[in-house]
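Residue strings, one per chain:
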Amino acid sequence: MTTLADRPPAPPLAEGDQLAIDGLVLCVRASKRRKRFALTVESDASLTLHAPDGSPAAEAEEFVRAHWSWLVSKLGIRERTRPLNPAKRLIEGEVFRYLGRTYRLALSDDVPAGGQMRLIAGRLVLGAADAEAPGRGRAALVDWYSRAGQTWAAGRLQPWAARMAVPEPAMEVRDLGQRGARTPPRAVLAG
């Protein structure tokens, strides 16, 4: 039987280490300026242990276990408040909605990189190369929604403008980005 004294000492904590304690994995953020440990439950429910640079792992484990009930309660809150509609991914079969209908995403090797997303036979078709580059894939999706919205709205304002005897207003359909999207706050405990 080995005792605690017989075990070799654990290496000190360093930036980017992963610390697993009782089934929870914490990402270590070490700083020379930090004097005490702190825990953060991030908005994506990942856990961060903020530690003084070079702190022993045993002290970190002791700190986490001492604040276990706080950590579990904050994780429970995060689980209850997670978004009902998780972020969409550009993968085969992902569902996108437009005008009350759902369309599945189809990835095609035949569409050149930088090409436009198109609606073909009830499926949104995107080039596989664009789906692998999140920036290009998102830009193609936003462009498709903007073009489709512009096409749908074209001519719908004219009858109303004629009724009110005003010229048809110019209209622009564009991405509003994250406006209105609220990310949940982080929970922070400093010890």
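Conventions used here
- Residue indices begin from 1 for each chain and proceed along its sequence in written order.
- In keeping with the model being predicted, local features are shown solely for residues with a pLDDT of at least 70 and side-chain atom pairs are shown and tallied solely at 80 or more, while totals for entire chains, interfaces and linings include all residues.
- No hydrogens and no water enter the side-chain calculation; it runs on all heavy atoms of the structure.
- What counts as a helix is a DSSP run of H or I of at least four residues, what counts as a strand is a run of E of at least two, and both are numbered from the N terminus.
- Think of it in three bands: with a 1.4 Å probe and only protein chains considered, a residue is buried below 20% of the maximum accessible area for its type, exposed above 50%, and partly exposed in between.
- At least two bridges found by DSSP between two strands is the condition for calling them paired.
- Note on geometry: axes are lines fitted to C-alpha atoms, helical ones only across the stretch in contact, with angles between N-to-C directions running from 0 to 180 degrees.
- Should any heavy atoms of two residues lie within 4.5 Å, those residues are counted as being in contact.

### Some thoughts on the overall build of the chain
On a plain count of helices and strands, the chain comes out with 5 helices and 9 strands. In the chain, which comprises 191 residues, the proportion classed as buried is 30%.

### A short note on the sheet that holds strand S5 (residues 95-98)
Pairing in this open sheet of 4 strands is mixed, and the strands run S5-S6-S8-S7 from one edge to the other. Looking at strand neighbours, the two that pair on one side only are S5 and strand S7 (118-120), the edges of this open sheet. Taken pair by pair, the neighbouring strands of this sheet meet at an average axis angle of 40 degrees, ignoring direction. Sheet strands touched by helix H4 (residues 134-153): S5, S7 and strand S8 (123-127). Its angle to S5, the strand with the most contacts, is close to 25 degrees.

### Describing the pairing of S8
Here is the key point about a regular strand: its side chains alternate between the two faces of the sheet. Counted residue by residue, S8 has 4 buried out of 5 residues, so it is predominantly covered. Inspection of the sheet shows strand S6 (residues 101-108) paired to S8 by 5 bridges, in the parallel sense. By the bridge assignment, Arg104 is partnered in S8 with Arg123. Summarising the sheet, S7 and S8 pair through 3 bridges and their orientation is antiparallel. Considered in S8, the bridge of Arg118 is made with Val125. The antiparallel hairpin formed by S7 and S8 contains 2 residues in its connecting segment, where Ala121 sits at a positive phi of about 50 degrees.

### Things to note about unusual backbone geometry
A positive phi angle, close to 50 degrees, is found at Asp22, a residue other than glycine. Judged by its relative accessible area of 51%, Asp22 is exposed. Unlike most non-glycine residues, Leu99 shows phi in positive territory, near 50 degrees.

### Re the environment of Ala51
With respect to the helices and strands, the residue Ala51 is situated in strand S4 (residues 47-52). For the pair Ala51 and Ala30, spaced 21 residues apart in sequence, the C-alpha to C-alpha distance is 4.9 Å. For Ala51, the contacting residues outside a window of four places in its chain are Leu13, Arg29, Ala30, Ser31, Arg34 and Phe37.

Nothing here speaks to function; it is all geometry.
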